[in-house]
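Each chain is listed here by its residues.
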Amino acid sequence: MNLEAAKLVFYEESYELLAAMEAALLAVENAAGPERGEHLNAMFRAAHTIKGSAGLFGLNEIVAFTHLCESVLDKAREGELAITTPLIELLFTCRDHIGGMVDAVRCGVAAPESSALGAQLKSYLDDTAQAVPAPAAAAMVVQQEHAGPRVEVESGGDHVVSSDHWHISLRFGVDVLRNGMDPISFIRYLASLGRIAYLTTLYDGLPNPEDMDPESCYLGFEIEFQAAPNVDKLTIENVFEFIRDDSKVRILPPHAHIAEYIRLIKDMPEGMSRLGEILVRGGALTPMELDEVLGIQRENAGAGEHRPLGTLLVEERLAPPQAVAAALDKQREHAAQKTREHRVVRVDATRLDALIDLVGELVISGAAAQLSASRSADSALIETIASLGELVERIRDEALSLRMVPVGEIFSRFPRVVRDASRELGKDIQLELAGEETELDKSMVDKLADPLVHLVRNAIDHGIEGSDARRIRGKADYGTVWLNAYHESGSVVIEVGDDGGGMDRQRIRNRAVERGLIQADEVLNDQQVLQLVFEPGFSTAETVTNLSGRGVGMDVVKRNIEALKGNIEIDSVAGEGTVVRLRVPLTLAIIDGFRVGVGQVSFVIPLDMVLECLDLPTDTGNSRQHYLNLRGEVLPYLPLRELFEVDAPAPARQSVVVVQYGSQRAGLVVDNLEGELQAVIKPLGQLFRGVRGLAGSTILGSGAVALILDVPDLINRAAKNERRKVALIAAREARHPALREEDRP
Amino acid sequence: MVEPVEQPQYLTFRLGTETYALEILHIKEIIEYGGLTEVPLMPRFLRGVINLRGAVVPVIDLAVRFGRPATTIGKRSCIVIVEVQYGDDWHDLGVIVDAVDEVLDLPPEAIEPAPAFGAQLRAEFIRGMGKISGRFVIVLALEHVLSIDEMAELAGTSESLHPES
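Computed from a predicted model, the values in this text were never measured in an experiment.

## What to know about the overall build of chain B
No. 1: Helix and strand counts for chain B come out as three helices and 11 strands.
No. 2: For chain B, the α and β elements follow one another from N to C terminus as β-β-β-β-β-α-β-β-β-β-β-β-α-α.
No. 3: Burial statistics for chain B: of 165 residues in total, 34% are counted as buried.
No. 4: For chain B, restricting intrachain contacts to residue pairs at least 6 apart in sequence, the fraction spanning at least 24 positions comes to 51%.

## As for the confidence of the model for chain A
All names here are of chain A.
No. 1: Looking at chain A as a whole, the pLDDT averages 76, with 80% of positions reaching at least 70.
No. 2: Low pLDDT (under 50) marks residues 129-162, which in the prediction has 46 contacts with non-local residues, meaning those over four places away or in another chain.
No. 3: Within the model, the stretch residues 738-745 combines pLDDT values under 50 with three contacts to residues more than four positions away or in other chains.

## Concerning the packing of helix H3 (residues 60-78) of chain A against helix H4 (residues 85-107) of chain A
Residue and element names in this part refer to chain A.
No. 1: For the pair H3 and H4, interaxial distance at closest approach is 10 Å and the crossing angle is 165°. Considered as vectors, H3 and H4 are oriented roughly antiparallel to each other. Like other packed secondary-structure pairs, H3 and H4 cross with a definite hand, here left-handed. Facing H3, whose interface residues are Glu-61, Ile-62, Phe-65, Thr-66 and Cys-69, H4 presents Cys-94, His-97, Ile-98 and Met-101.
No. 2: When grouped by side-chain class, the residues that make up the contact of H3 with H4 number six nonpolar, two polar and one charged.

## Concerning the interface of chain A and chain B
No. 1: Contact residues are listed per partner, giving 28 residues for chain A and 23 residues for chain B.
No. 2: Those elements giving two or more residues to the side of chain A that touches chain B turn out to be helix H14 (349-376), strand E22 (694-699), strand E23 (705-709) and helix H24 (711-735) of chain A.
No. 3: Looking at the side of chain A that touches chain B, the element that brings in the most residues is H24(A), giving four residues.
No. 4: Here the residues of the side of chain A that touches chain B sort into 14 nonpolar, seven polar and seven charged.

## Comments concerning unusual backbone geometry
No. 1: In this model, Glu645(A) sits at a positive phi of 50°, which is unusual for a non-glycine residue.
No. 2: Positionally, Glu645(A) belongs in the loop between helix H23 (640-643) and strand E19 (655-661).
No. 3: Positive phi values are uncommon outside glycine, yet Ser133(B) reaches one of about 35°.
No. 4: With respect to the helices and strands, the residue Ser133(B) is situated in the loop between strand E10 (126-132) and strand E11 (135-140).

## Some thoughts on the environment of Lys427(A)
Residues and elements named next belong to chain A.
No. 1: With respect to the helices and strands, the residue Lys-427 is situated in the loop between helix H17 (414-425) and strand E8 (429-434).
No. 2: Lys-427 gets classed as buried once you count the C-beta atoms within 10 Å, which come to 20.
No. 3: Those residues in contact with Lys-427 that sit more than four places away from it in its chain are Ser-422, Ile-460, Ile-464, Gly-466 and Gly-479.

## Observations regarding the sheet that holds strand E11 (residues 491-498) of chain A
Strands in a sheet are paired, the pairing made by backbone hydrogen bonds, and the direction either parallel or antiparallel.
All names here are of chain A.
No. 1: What the five strands build is an open sheet, ordered E8-E10-E11-E13-E12; its pairing is mixed. The open sheet has two edge strands, E8 and strand E12 (567-573), and neither has a second partner. When the angles between neighbouring strand axes are averaged without regard to direction, this sheet yields 15°.
No. 2: In terms of strand pairing, strand E10 (residues 479-488) meets E11 through eight bridges, oriented antiparallel. Bridging across to E11, His-487 finds its partner in Val-492.
No. 3: Running at roughly 165° to E8, H17 makes contact with E8 and E10 of the sheet.

Definitions and limits used
- Residues numbered from 1 in each chain as written.
- Chains lettered and ligands numbered in written order.
- Predicted model: local features only at pLDDT ≥ 70, side-chain atom pairs only at ≥ 80, totals over all residues.
- Helix = DSSP H or I, 4+ residues; strand = E, 2+ residues; numbered from the N terminus.
- Buried ≥ 20, exposed ≤ 12 C-beta atoms within 10 Å, placed from the backbone.
- Contact = placed C-beta atoms within 7 Å.
- pLDDT = per-residue confidence, 0-100.
- Axes fitted to C-alpha atoms, helices over the stretch in contact; angles between N-to-C directions.
- Parallel < 35°, antiparallel > 145°, perpendicular 65-115°, else oblique.
- Left-handed = near helix turned anticlockwise from the far one by under 90°.
- Nonpolar A, V, L, I, M, F, W, Y, C, P; charged D, E, K, R; others polar.
- Pairing = 2+ DSSP bridges.

What follows is the structure, given as structure tokens:
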């Protein structure tokens, strides 16, 4: 087994557990009574599991530190230690410290110093009755006696093999050392789960000295192990998880446990059909052992002999015969019943992507079939194909929804972010979350988290005023920061709002001029002024605080959102607060589209953005000004023919497709409207990375390729260009007032 | 048993009046010309995109890339689908040619170094001069001829979406 891969699993798992620990800490702060106990248990389990995994990799610092945390948590859940605010504070710090140590290991740098924190933790332990030894001390030194085969374990321990002991026999694979696994570290870790009562080293595998390869492992061990309470077979097996593939591990339970297994198996309520499953459920067999023995069974079957699972289990010493017998009884009892259990299936993301690709192909073929069916004029065929089309559409939606996750997955980290930031700044902040169930593409979730954290910190730091200022304005003492998510015309909108002082336009302007981002006399509308805060190098904070104000970040936020083909809007009312609105597309895979034609070229507009279609009034056709009157409202429009320099002459009648993106509306002038379709978005590839106004391409039912319009980009670009042009003319006129007349053609 | 020595094979094709050769290793398939969709605002060497069994593949007019007049589509026009490496991935690209000739073995000793001038082609485009029955054909260096970075650069800067008018 690859050690690096195993370590990746360890990091991943640690981060998950640390997140769980944090959630529990936040909950403990606000809970009371029995609820607290459950949260303390959750924290304890998290710390315990991290300790265990770290032990496997010989990460002694992490083991030592998490052990201290675990001990303190243990006392707390036993009620020997009162949960006080300083203790919770300390535990928060410890959680972060563990995270820091994991990061350090991951990056291959020295772990952060933990003695100070350790001492604080110890003080809690010493306060109460008995001190718990650190695991470094508990981890025993294994020394080899000169001639004898025995390894003395824990001097002073009794060597009596009693029936209360687990029997573990280990035959390490010849390659364990080469794979970066040290047999002794497994034994050491095992010792942290209980007490090794007796250990025999088996060295009959040793070859002659001259044939010996120093990198090979020839040893085996027989261990009598006294497990700590709550340690079950699976826990012990997990110790050897990383060597299972190439080593032989057999774990036999003490007699007391066998009785327990039998009782469990007998008490199982629902129907079980397979022997292996029954044993696994009862704890007599672990899933891995089951896999192993099933493998043996298959091998035997291949060699022409079929042997029942129960026999094999007993022969391989994997499960006690009594437990197997009990399980067989159970099996007969419930032979007819089937298991019905709600399960979560973990699926590799690449397989999911492959499925979605295939669904995309299905959509395209479906469109092709529909096209030929309508040509054939065979009504029965048309009907069949239509119902097939409906099914395809449903499959598409289901497949896409597999990739969707609720936005709450990002929101869950914010209670901690807000708590920390408000403590640090001495502001009383309340966080409100809404729309957590709003779904968006998994790939978006990861990329939105950092920008959101930055925006929330910014709101707390710069948005919310101090409580004195709030009182003068007649607001509640505590500030409120809220996160809200919802769907809007094919996009997901996430809002970060605060009820703080709002943004000071004049200050933003002054700063921008000072930084040379704009000219002192430049005319900007309100939104443009607010957007200045996203310019690189902009920061209005008078003092640089720990949290924000370094001038890096807001521009990065904007860049990240734009990379997702999203945009940012700011609403801010002086004295009342600010709302920052992030808008990103719902999905990056398949959309409903609306097809239009310009000359010979087909374009697809995302249907969610289309509001309506109308004829282009003939009297506006040649006007230089590109806007029309839509029921009393001004609607600017973009002629796609000019925009994309399509050569073909315009037909007599052109149409306008009215599109909306965010708060902006615009018309797109096209030759003809060709109807709705399902468009599988195909990226145009690296060669077209500089192309603007196009979001990708799709394949039509006819097999031809159509181009998908990037509506937000078209609108933004048109607005920006016009501003620049107007500003250019204005600037020219201002500089040469005398030449004004000649300047004009 | 002796392993047969892998003999490099080349595809020769016509572009206008000239004949070129490409190592067959790069070539995935040859398809009939058709079904091309133009992408607006692209330089002339980027003729458009085609649907190759569900994948959208860009098609390049090699003649324009070589500074010759654009290829006019005739009866024997083909699109040669080649694989080009970019970063860690392989990308499919289509190349329009006037006609495909033949596949032939060309041992390394039959390839002469490129001349200093005279080929009317950027020097890095030429891998060497293949000697085929007394004539020379230009063996193309695909990684330069179809450099995605260079072509994307050209595509990105060639036109502006909203020319100042």
